[in-house]
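Geometric and topological summary
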Amino acid sequence: MVIDPSAFHELQIIVGRNLARAYAECGNNKEALTVIDECIELALRCNYEYIIESLYVGKAYNMVNLASKGEGKDIDIGIAHEYLRQAYFLAAARCETGMMEQIKQIYNKYFKI
C-alpha cells in the first residue's frame, strides 16, 4: 500500500489523536497532552482545520483530568475552558451539530454550566 504524500500529515494527526485517546483512557494524561500538542501544531501548520476541534476537546479533557488528580499544578482550568469554547465555535462554524452537542455535554460535566 502506498500512501499519498499529501495525506501523510493528515494520517499522522489522526493516528496521533487516536494514540492520545488511548493514553487518556489508561490515565496517562500527561502523555496524551504531549501527543495532542504535537498534533495541534501539525494541524495548524498544514491547515487541517477540520480536526482542530476534536484536538482542542482532547486537550481540555486531559487538562481537567490532570488537575482533578492533583497532577496538574501548573494547569490553568480557565485555559481548558477556553479550549472547549473554541472547539464549540469551530464546530458551529462547520455546522457539526453532533460535535457541538458532545462539547456541550463535556462542558456541562466539567464546568457545571
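Structural data are supplied above this passage.
Heads up: these notes are all about the structure in this document.

Reading the values: rules and limits
Residues numbered from 1 in each chain as written. Predicted model: local features only at pLDDT ≥ 70, side-chain atom pairs only at ≥ 80, totals over all residues. Heavy atoms only, no water. Phe/Tyr/Trp six-rings, centres within 6.5 Å; stacked < 30°, edge-to-face > 60°. Helix = DSSP H or I, 4+ residues; strand = E, 2+ residues; numbered from the N terminus. Buried < 20%, exposed > 50% of the residue type's maximum accessible area, 1.4 Å probe, protein only. Expected span 1.5 Å × (residues − 1). Core = buried A, V, L, I, M, F, W, Y, C linked by side-chain atoms within 4.5 Å. Contact = heavy atoms within 4.5 Å.

**Quick word on the packing of aromatic side chains**
Going through the model one piece at a time under the given rule, you end up with five aromatic pairs. For the pair Y61 and Y110, a centre-to-centre distance of 6.1 Å together with 75 degrees between the ring planes defines the contact as edge-to-face. Remark: Y110 occurs in helix α5 (residues 97-111) and Y61 occurs in helix α3 (residues 52-68); sequence separation between them is 49 residues. According to the relative accessible area criterion, Y61 is partly exposed, its value standing at 31%. Judged by centre distance (5.3 Å) and plane angle (40 degrees), the rings of Y107 and F111 are tilted. Residue Y107 and its partner F111 are both found in helix α5; the two are separated by four residues, about one turn of the helix.

**Considerations on α3**
With 17 residues, α3 should reach 24 Å at 1.5 Å per residue; the first-to-last C-alpha distance of 24 Å fits that figure. Of all 17 residues that make up α3, 14 are buried, and the element is covered over most of its length. At the C-terminal side of α3, G70 shows a positive phi close to 80 degrees.

**Examining the nonpolar core**
I13, A43, L55, L84 and I103 are the most contacted members of the largest nonpolar core, which has 31 residues in total. Only α1 (8-25), α2 (29-45), α3, α4 (77-93) and α5 provide two or more residues apiece to this core. Setting aside residues up to four positions removed in sequence, L84 forms contacts with V57, A60, I103, I106, Y107 and F111.

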